Amino acid sequence: MKTIEIDGKTFVETFDAETITGWIQNVANQINHDYEGTDPLFVGILNGAFIFAADLFRRITLNSRIQFMRLRSYDNMSSTGQIQELLGLEDKDVAGKDIIIVEDIVDTGTTMHYLKKRLKDQGAKSVKIACLCTKPEALQFEDAKPDYVGKDIANLYVIGYGFDVDGLARNLNAIYTLKK
Ligand code: IMP
């Protein structure tokens, strides 16, 4: 089994690139089907979702645009419960739009709970969430439950494929889970 050491912690390879590609194609197929004939706005959440957003968006066959927001809720390896909006969207970009948030991982749901309300307050017509992974056991907000999910995972810290630990490991081509 392949392992990686970062910051004195051991992470074990859990999902390989081919498996992840399959999840992303499934999510794209569902969105292409559900939004057929419409032009939803995709909103990628930086930094973590940039790899998932690029892979997902290239599989979208709708006549859509993508924009990015930058939010921060995590301080190294734990959720702070506070959201900082480091890069936002203007009301004119959001008003009247069907929005699909593209998030790397929904953990406690604090970030998505905040963002759904924020985008609705800015006049979005509808807001749905697509994420690469979610940790159902950690979810604390019902309205943050993602609509499109690559994979439900255990409530353990993961790195790789956009997921970081202190900014590192985003470039790994597979997902690795913290060894207990
Ligand atoms: P939430 O607000 O608690 O749902 O946390 C969401 C954000 O925390 C995600 O966008 C990630 O940036 C980060 N995050 C949560 N769990 C993990 C993890 O296991 N690995 C890396 N980042 C994570």
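The model shown is predicted, which means the values in this text are computed figures rather than measured ones. (Residues numbered from 1 in each chain as written. Predicted model: local features only at pLDDT ≥ 70, side-chain atom pairs only at ≥ 80, totals over all residues. Heavy atoms only, no water.)

Novice: Help me out: how do you make sense of the overall build of the chain in this one?
Specialist: Along its length, the chain carries 4 helices and 10 strands. A compact globule built from 180 residues should have a C-alpha radius of gyration of about 16 Å, and the chain, at 16 Å, falls within 12% of that. Expressed as lengths along the three principal axes of its C-alpha atoms, the size of the chain is roughly 45 × 35 × 25 Å. For the chain, buried positions account for 47% of its 180 residues. Total accessible area on the chain is roughly 9200 Å²; 45% of this is exposed by carbon and sulfur atoms. Between the mean site of the 21 positive side-chain charges and the mean site of the 26 negative ones, the chain shows a separation of 1 Å. (Helix = DSSP H or I, 4+ residues; strand = E, 2+ residues; numbered from the N terminus. Rg over C-alpha atoms; globule rule 2.2 N^0.38 Å. Buried < 20%, exposed > 50% of the residue type's maximum accessible area, 1.4 Å probe, protein only. Areas by Shrake-Rupley, 256 points an atom, 1.4 Å probe, with all protein chains shown as cover. Lys, Arg positive; Asp, Glu negative; His and termini not counted. Charge placed at Lys NZ, Arg CZ, Asp CG, Glu CD.)

Novice: Is there a simple way to think about the pattern of salt bridges in this case?
Specialist: Should the charged atoms of two oppositely charged side chains come close, the side chains can pair. Taken as a whole and judged by the stated rule, the model has 7 salt bridges. Residues Asp55 and Arg58 are paired through a salt bridge, measuring 2.5 Å at the closest nitrogen-oxygen approach. With a shortest N-O distance of 2.8 Å, Glu85 and Arg118 are connected by a salt bridge. Of this pair, Glu85 sits in strand S5 (residues 78–87) while Arg118 sits in helix H4 (residues 110–121), and the two are 33 residues apart along the sequence. (Salt bridge = Lys/Arg side-chain N within 4 Å of Asp/Glu carboxyl O.)

Novice: Whenever I open this one, the site of the ligand confuses me. Can you help?
Specialist: Residues in close proximity to the ligand total 18 residues, the closest being Asp104, Thr108, Thr111, Lys135 and Val158. A distance of 3.4 Å is found between an oxygen atom of the ligand and a backbone nitrogen or oxygen belonging to Thr110. Within the contact set of the ligand, an oxygen atom lies 2.4 Å away from a side-chain nitrogen or oxygen of Thr111. Across the complex, the protein chains shield 93% of the 490 Å² of accessible surface that the ligand would expose by itself. Within the residue set of the shell around the ligand, elements represented by two or more residues are strand S4 (65–75), strand S6 (98–106) and H4. With 4 residues, S6 is the single largest residue contributor to the shell around the ligand. Of the residues belonging to the shell around the ligand, the class tally is 7 nonpolar, 6 polar and 5 charged. (Near = heavy atom within 4 Å. Polar contact = N/O pair within 3.5 Å; in protein donor to acceptor, adjacent residues only side chain to side chain. Nonpolar A, V, L, I, M, F, W, Y, C, P; charged D, E, K, R; others polar.)

Novice: Any chance you could explain the packing of helix H1 (residues 17–34) against helix H2 (residues 50–57) here in plain terms?
Specialist: Their axes nearest at 9 Å, the elements H1 and H2 cross at an angle of 55 degrees. For the element pair H1 / H2, the angle class is oblique. Along this stretch, H1 crosses H2, giving a crossing that reads as right-handed. Across the interface between the two elements, Ile24, Val27, Ala28 and Ile31 of H1 pack against Phe52, Asp55 and Leu56 of H2. Partitioned by chemical class, the residues of the contact of H1 with H2 number 6 nonpolar, no polar and 1 charged. (Axes fitted to C-alpha atoms, helices over the stretch in contact; angles between N-to-C directions. Parallel < 35°, antiparallel > 145°, perpendicular 65-115°, else oblique. Left-handed = near helix turned anticlockwise from the far one by under 90°. Contact = heavy atoms within 4.5 Å.)

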